[in-house]
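Structural overview for review
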Amino acid sequence: ARTPTLDTLSAIQACHATTIPFENLTPFLHQPVRLDTASLLQKIVHTGRGGYCFEHNLLLRHVLTTLGFQVTGLAARVRLNVPDEVITARGHMLLRVDLEEQSYIVDVGFGGLTLTAPLRLVPDIEQPTRHELCRLVADNNTFILQAYVNQAWKSLYSFDLQEQQLPDYEVTSWYLSNHPDSHFVTGLIAARPDENRRYALRNNQFAIHYLNGSTERRTLTTVAELRATLADT
């Protein structure tokens, strides 16, 4: 259905996350990352490519707004694999969707742990998704998104509810796609969730993470293997 309901939102998020890969080929190849609507449609919808958080979530915001959802763009500081004392920039985009007198967090662009279901904007309750169990932890005026991975809660990012505009995302995206130390420039990254598993590629290291906790890993040693993995998986 194309009505602005929770069922529609959940279905679109699941289809988007499992169909459109997270990947950084554009900045990795030192090509410009364009965030205008026409460029997003051309790259992701018509060309069949993926992208990183700004591309994913800006495209999804256009779709949801067109369908009649009330959507607000937010920004987050990545906490995954970051020491507690380190303060990161607001380098990630996510969405707030207000629906049926309830607010939800929606995010289809967080790489290897991209959300596959909306989360109610309610702290301190465990919420199932199609993949990991998740929760939001309240911390003063911010929320910390956590996922239950390998029998432990992992903090993914922290965010507040200040609305962000396209120029905010364009400035951050330019920095992440051009700074010589940005991991979007220095290495190849690709990821996609699938039923009962997640696929992850970093440079030539390919992994399949199953929801039961097991992982398969292999090294891609030829151009043909790398091309096939990007194209088929």
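Structural data are supplied above this passage.
About the criteria used
Residues numbered from 1 in each chain as written. Predicted model: local features only at pLDDT ≥ 70, side-chain atom pairs only at ≥ 80, totals over all residues. Heavy atoms only, no water. Helix = DSSP H or I, 4+ residues; strand = E, 2+ residues; numbered from the N terminus. Buried < 20%, exposed > 50% of the residue type's maximum accessible area, 1.4 Å probe, protein only. Contact = heavy atoms within 4.5 Å. Areas by Shrake-Rupley, 256 points an atom, 1.4 Å probe, with all protein chains shown as cover. Lys, Arg positive; Asp, Glu negative; His and termini not counted. Charge placed at Lys NZ, Arg CZ, Asp CG, Glu CD. Expected span 1.5 Å × (residues − 1). Polar contact = N/O pair within 3.5 Å; in protein donor to acceptor, adjacent residues only side chain to side chain.

Looking now at the overall build of the protein. The helix and strand tally for the protein stands at seven helices and 12 strands. By its C-alpha atoms, the protein is 50 × 40 × 40 Å across when sized along the principal axes. For the protein, the residues scored as buried account for 44% of the 233 residues in total. The long-range fraction of contacts in the protein, counting pairs at least 24 apart against all pairs at least 6 apart in sequence, stands at 50%. Approximately 12200 Å² of the protein is accessible, and the part contributed by carbon and sulfur atoms is 51%. Across the protein, the centroid of the 20 positively charged side chains sits 5 Å from that of the 24 negatively charged ones.

With that settled, consider helix α4 (residues 53-66). The terminal C-alpha atoms of α4, which comprises 14 residues, lie 20 Å apart, in line with the 20 Å expected from a rise of 1.5 Å per residue. Taking burial as the measure, the 14 residues of α4 include 10 buried ones, the bulk of the element. All of the buried residues in α4 are Cys53, Phe54, Glu55, His56, Asn57, Leu58, Leu59, Leu60, Arg61 and Leu64. Positive backbone phi, approximately 105°, marks Gly68, located one or two places after α4.

Moving on: the environment of His56. Structurally, His56 is set in helix α4. Judged by its relative accessible area of 0%, His56 is buried. A sequence separation of 31 residues divides His56 from Leu25, and the C-alpha atoms of the two residues are 14 Å apart. Excluding its chain neighbours within four sequence positions, the residues that come into contact with His56 are His16, Ile20, Pro21, Phe22, Gly50, Gly51, Val108 and Gly109. Within polar-contact distance, the side chain of His56 engages the backbone oxygen of Pro21 at 2.9 Å. A polar contact of 3.3 Å, which involves the side chain of His56, links it to the backbone oxygen of Val108.

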